[in-house]
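# Observations on the model geometry
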Amino acid sequence: MEQQRFVKESRSYKTARVFPVDVNNNNTLFGGKLMAYIDDIASIAASKHSRCSVVTASTDSVDFLLPINPSDAVSLESFVTWTGTSSMEVFVKVVTEDLKTGERNIAATSFLTFVAFDENRKTAKVPSVIPESEEEKQLHETAFKRAEMRKARREESKKFAHYLITKFPWE
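Below is a short write-up of the structure. Computed from a prediction, not measured in an experiment: that's the story for all the values here.

### Structural notes on unusual backbone geometry
We note that asparagine 27 has phi near 60 degrees; this positive angle belongs to a residue other than glycine. Within the secondary structure, asparagine 27 sits in the loop between strand 2 (12-17) and helix 1 (31-50). Of note in this structure, arginine 51 is not a glycine but carries a positive phi near 55 degrees.

Have a look at this one:
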């Protein structure tokens, strides 16, 4: 019998404050800092779902919807939305909260793919997911289409890589 886990079993959360050292020249959260937060929390969700070691296979998208300001707390929520044999799609939702007014907004969304590995560093079979909430069901139902687009993009990237040179300009 196929192993299954509820989406809620992979849910993971992270909240951080935006400090002056975290902002860019526009005085908003540096995108690279947010991307590190996203990869971190997504890897936790993938590990909780698979109960294996995981690696990031792709970051499909990071859509920055609103700037994140120094007066904000930034909260990330991640969970596994869909699985293949050894791969998992993880969704990350980034919510800002203005610490002075309490106003909350969706600041970014992201989809990442992780692959699970066993103790011998071989790909490991992962449980399928059981969505329950409307949000989980919607993301699960649309995941196959994203997986197909991901597969096509990966094939194009492999073709493209053959045209790239590895010699540095200073050599």
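### So, the packing of helix 2 (residues 134-141) against helix 3 (residues 143-161)
At a minimum axis distance of 4 Å, the contact between helix 2 and helix 3 shows a crossing angle of 35 degrees. Between helix 2 and helix 3, the contacting residues are Leu139, His140 and Glu141 on the first element and Ala143, Phe144 and Arg146 on the second. A class-by-class count of the residues in the contact of helix 2 with helix 3 yields three nonpolar, one polar and two charged.

### Examining the packing of aromatic side chains
What the rule picks out here adds up to three aromatic pairs. Consider the rings of phenylalanine 79 and phenylalanine 91, whose centres lie 5.7 Å apart with planes at 65 degrees: the pair is edge-to-face. Of this pair, phenylalanine 79 sits in strand 4 (residues 72-83) while phenylalanine 91 sits in strand 5 (residues 87-98), placing them 12 residues apart in sequence. Pair check on accessibility: phenylalanine 79 and phenylalanine 91 agree, each one buried. Between phenylalanine 168 and tryptophan 170, the ring centres sit 4.6 Å apart and the planes meet at 5 degrees, which makes this aromatic pair stacked. Taken together, the ring pairs connect Phe79, Phe91 and Phe111 into an aromatic cluster.

### Looking at the pairing of strand 6 (residues 104-117)
The two faces of a sheet get side chains in turn, since along a regular strand they alternate between them. Across the 14 residues that make up strand 6, a large majority, 10, are buried. When strand 5 meets strand 6, the two strands line up antiparallel, connected through 11 bridges. Residue pairing across strands places serine 87 opposite valine 115, the latter belonging to strand 6. Connecting the antiparallel pair strand 5 and strand 6 is a turn made up of five residues, with glycine 102 showing a positive phi of about 85 degrees.

### Description of helix 3
Taking 1.5 Å as the rise per residue, helix 3 with 19 residues should run 27 Å; its terminal C-alpha atoms sit 26 Å apart, in good agreement. Taken residue by residue, helix 3 has Ala143, Arg146, Ala147 and Arg150 as its buried positions. Along helix 3, the residues classed as buried sweep out an arc of 100 degrees about the axis, all on the same side. Of the exposed residues in helix 3, those oriented more than 90 degrees away from the buried face are Lys145, Lys151 and Phe160. In this structure, the buried residues of helix 3 make contact with strand 3 (53-64), strand 4, strand 5, strand 6 and helix 2.

### With respect to the pattern of salt bridges
This structure, assessed with the given rule, holds 14 salt bridges. Here glutamate 132 ties to lysine 8 by a salt bridge, and the two come within 3.5 Å at their closest N and O atoms. In this pair, glutamate 132 sits in the loop between strand 7 (128-130) and helix 2 while lysine 8 sits in the loop between strand 1 (4-6) and strand 2, placing the two residues 124 residues apart along the sequence. The partly exposed category is assigned to glutamate 132, whose relative accessible area is 35%. Residues joined in a network through salt bridges with shared partners are Arg11, Glu77, Lys93, Glu135 and Glu136.

Conventions we followed
Residues numbered from 1 in each chain as written. Predicted model: local features only at pLDDT ≥ 70, side-chain atom pairs only at ≥ 80, totals over all residues. Heavy atoms only, no water. Helix = DSSP H or I, 4+ residues; strand = E, 2+ residues; numbered from the N terminus. Axes fitted to C-alpha atoms, helices over the stretch in contact; angles between N-to-C directions. Contact = heavy atoms within 4.5 Å. Nonpolar A, V, L, I, M, F, W, Y, C, P; charged D, E, K, R; others polar. Phe/Tyr/Trp six-rings, centres within 6.5 Å; stacked < 30°, edge-to-face > 60°. Buried < 20%, exposed > 50% of the residue type's maximum accessible area, 1.4 Å probe, protein only. Pairing = 2+ DSSP bridges. Expected span 1.5 Å × (residues − 1). Arc of directions from axis to C-beta. Salt bridge = Lys/Arg side-chain N within 4 Å of Asp/Glu carboxyl O.

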